[in-house]
Amino acid sequence: MNGEEFRHWSRKAADWGTDYRESLRERPVRAQTQPGEIAARIADTPPEAAEPMERIFADFEETILPGMTHWQHPRFFAYFPANAAPVSVVAEYLVTVMAAQCMLWQTSPAATELETKVIDWLRQALGLPAGFSGVIQDSASSATLAAVLTMRERALDWQGNKQGLSGQQRLRIYATDQVHTSIDRAIWVAGIGEENLVRVPVTGELRSMDAEVLEAAILADKAQGFVPAGIIACVGGTSVGGTDDIAAVAAIARKHGLYLHVDAAWAGSAMICPEFRHYWAGIEGADSIVFNPHKWLGAQFDCSVQFIRDPDALVRTLAIKPEYLKTHGKDGIINYSEWSVPLGRRFRALKLWFLLRAHGLEELRGMIRNHVAWAGKLAKRIEAEPGFELVTHPMLSLFSFRHTPEGIADLDAHNLRLLEAINEDGRIYLTQTKVDGRFAIRFQVGQFDVTESDVDEAFEVITSMAVSIR
Ligand SMILES: *Cc1c(COP(=O)(O)O)cnc(C)c1O
């Protein structure tokens, strides 16, 4: 591709992107495709000869696009959002064009220094005290793995990386059953083992870790000769928004010398609004906090921010300094690859810088406040609708419900049928969860362009589909 062609196709992509975004409301949210359908339309062998871009682009539109679920659709109410504000997409194009490896300060000085700055902007935006620094990871899963590895090395007096885990004392990590599966996987990958992830029961409407049981478990483990290493608390769990009492958990972590990691991957974005910060009161007592600006805030995927109280512990866990990577730079240079598991790093700070400047915190707060208010209104409407019940009340913009008409023996199967009907209709997209063993339909409001009338339309779709499947 020569320079003129690059210009042409870049412009074409930009035009396509704008048309795509503007046409989203006319498309079904979830891909309406069967497994294997798209693969069957893709060549089985790689081309020997160059193909013209016209054909490649046409195939993208004809073959790939029909198999896409549209995460930027304003009526995407499934999972959690993965927002990509247009301004962050523009930044991402620039990043892609430069395609810099941001592993060391010297391989990308501006990327490193901007990362330090935007992390501190976000620290202020979320109301975290000075003293937290941080790093942009690819995903919350990676941030949690980095935190678990730090817990492990700290508890083993930094001998785990060197000696391996066989013959070491048994480490213990504590969390509830409301945490994301990335916590389980971090425990597996770190070599700690699922049997040493102690599930502390939850209490109350927010499904918070029972602090008394937590402390009793720590004491019992110590008495058995196990080594309690850390606690993973959760603010806004994936299923129904389960949220721990961070102040209570942090007090126990401090008392017993445990490392505290807080997973606020989704809900963290809402903390730009001071009125929601009660959900993580006591957060200043955490050692590590992860939140995903690529979820609710609007930074194009991927962009996960990990705040760290003591980066030395993290760097001591993850830094490798072979000769060829030594930068011989001046003191104080940050090499962010020493703060994360992968070596190579994309320039993720630019889209945050563009996003925060183009919208300003006040506009982003307004968006999140709207989402929370609209989710609250919709939950009330569904609760008041005959034949429906709320399973969990809104935590920020997330709640769950189910359809409970008279005379249906298997309500789980009935609600699964309702969910399928809703998603096949295509106007909205919802996902499910299990709450205390019962099937529930999840609803979250969080897409960057969603309006109140999109949420009203969701009510129409849900109630009309409930009639149509009877
Ligand atoms: C989405 C989510 C994760 C996983 O995030 P990734 O960035 O995809 O790894 C972890 N925890 C919670 C609470 C989440 O909502």
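Residues numbered from 1 in each chain as written. Predicted model: local features only at pLDDT ≥ 70, side-chain atom pairs only at ≥ 80, totals over all residues. Heavy atoms only, no water.

K.L.:
For this particular structure, what's the right way to read the pairing of strand β6 (residues 227–234)?
P.N.:
Within a regular strand, the side chains alternate between the two sheet faces. Of all eight residues that make up β6, eight are buried, and the element is covered over most of its length. Pairing of strand β2 (residues 171–175) with β6, which is carried by four bridges, proceeds in the parallel orientation. Residue arginine 172 lies in a different strand from β6, and its bridge partner there is proline 228. Sheet topology places β6 next to strand β7 (residues 259–263); five bridges connect them, and they run parallel. The residue of β7 that forms the bridge with alanine 233 is valine 262. In terms of handedness, the path from β6 via helix α9 (residues 246–256) over to β7 forms a crossover that is right-handed. (Buried < 20%, exposed > 50% of the residue type's maximum accessible area, 1.4 Å probe, protein only. Helix = DSSP H or I, 4+ residues; strand = E, 2+ residues; numbered from the N terminus. Pairing = 2+ DSSP bridges. Right-handed = clockwise from strand over helix to strand, strands pointing away.)

K.L.:
What is the right way to read the site of the ligand from this model?
P.N.:
Taken together, 14 residues lie around the ligand, and Ala140, Ser141, Asp263, Asn292 and Lys295 are the ones closest in. Between an oxygen atom of the ligand and a side-chain N or O atom of serine 141, the distance comes to 2.5 Å. Out of a free accessible area of 380 Å², the ligand has 88% covered by protein chains. When contributions to the shell around the ligand are tallied by element, the ones reaching two or more residues are α5 (140–155) and α10 (293–297). Split into classes, the residues belonging to the shell around the ligand amount to four nonpolar, eight polar and two charged. (Near = heavy atom within 4 Å. Polar contact = N/O pair within 3.5 Å; in protein donor to acceptor, adjacent residues only side chain to side chain. Areas by Shrake-Rupley, 256 points an atom, 1.4 Å probe, with all protein chains shown as cover. Nonpolar A, V, L, I, M, F, W, Y, C, P; charged D, E, K, R; others polar.)

K.L.:
How should I be thinking about the pattern of salt bridges in this particular structure?
P.N.:
Under the counting rule described, the total for this entry stands at 27 salt bridges. Across the salt bridge formed by arginine 75 and glutamate 457, the nearest N and O atoms sit 3.6 Å from each other. With a gap of 382 residues between them, arginine 75 in the loop between α2 (53–64) and α3 (86–98) and glutamate 457 in helix α14 (residues 452–468) connect regions that are remote in the sequence. Residue class for arginine 75 comes out buried when judged on its relative accessible area of 5%. With a shortest N-O distance of 2.6 Å, arginine 365 and glutamate 362 are connected by a salt bridge. (Salt bridge = Lys/Arg side-chain N within 4 Å of Asp/Glu carboxyl O.)

K.L.:
Please clarify how the sheet that holds β2 should be interpreted in this entry.
P.N.:
Strand pairing within a sheet occurs via backbone hydrogen bonds; the two strands may be parallel or antiparallel. Overall, mixed pairing links the seven strands, which are arranged β1-β9-β8-β7-β6-β2-β3 in an open sheet. Every interior strand has two partners, whereas the edge strands, β1 (133–137) and β3 (197–199), have only one. Averaged over all pairs of adjacent strands, the angle between their axes in this sheet comes to 20 degrees, without regard to strand direction. (Axes fitted to C-alpha atoms, helices over the stretch in contact; angles between N-to-C directions.)

K.L.:
Sorry, what's going on with the domain arrangement of the chain here?
P.N.:
It is common to report an interface's size as the accessible area lost on association of the parts. For the chain, the assigned domains are domain 1 (1–30 + 69–82 + 362–470), domain 2 (37–65) and domain 3 (101–346). On a C-alpha basis, the centres of domain 1 and domain 3 stand 30 Å from each other. The interface of domain 1 with domain 3 comprises 25 residues on the first partner and 25 residues on the second. Both faces considered, domain 1 and domain 3 share a buried interface measuring about 2,100 Å² in area, 66% of it formed by carbon and sulfur atoms. The three residues of domain 1 that bury the most area against domain 3 are Phe80, Met395 and Leu396, which together make up 32% of that side's buried surface. Scanning the region where domain 1 abuts domain 3 turns up two salt bridges. Here aspartate 436 ties to arginine 207 by a salt bridge, and the two come within 3.2 Å at their closest N and O atoms. There are eight residue pairs in polar contact (both at pLDDT 80 or more) connecting domain 1 and domain 3. (Domains from an automatic or database assignment. Contact = heavy atoms within 4.5 Å. Buried area = accessible area lost by both parts, 1.4 Å probe.)

K.L.:
Help me out: how do you make sense of the sheet that holds strand β13 (residues 438–444) in this one?
P.N.:
Taken together, four strands build an open sheet; the order of strands is β10-β11-β13-β12 and the sheet is antiparallel. Only two strands of the sheet have a single neighbouring strand rather than two, namely β10 (388–395) and β12 (431–435). Each neighbouring strand pair of the sheet contributes to a mean axis angle of 35 degrees, computed without reference to strand direction. In this sheet, strand β11 (residues 398–403) lies alongside β10 in antiparallel orientation, the contact comprising five bridges. Bridged to methionine 395 within β11 is leucine 398. Helix α13 (residues 411–425) rests against β10, β11, β12 and β13 of the sheet, and its axis sits at about 30 degrees to β13. Here α14 sits on the sheet and contacts β10, β11 and β13; the angle it forms with β10, its principal contact strand, is near 150 degrees.

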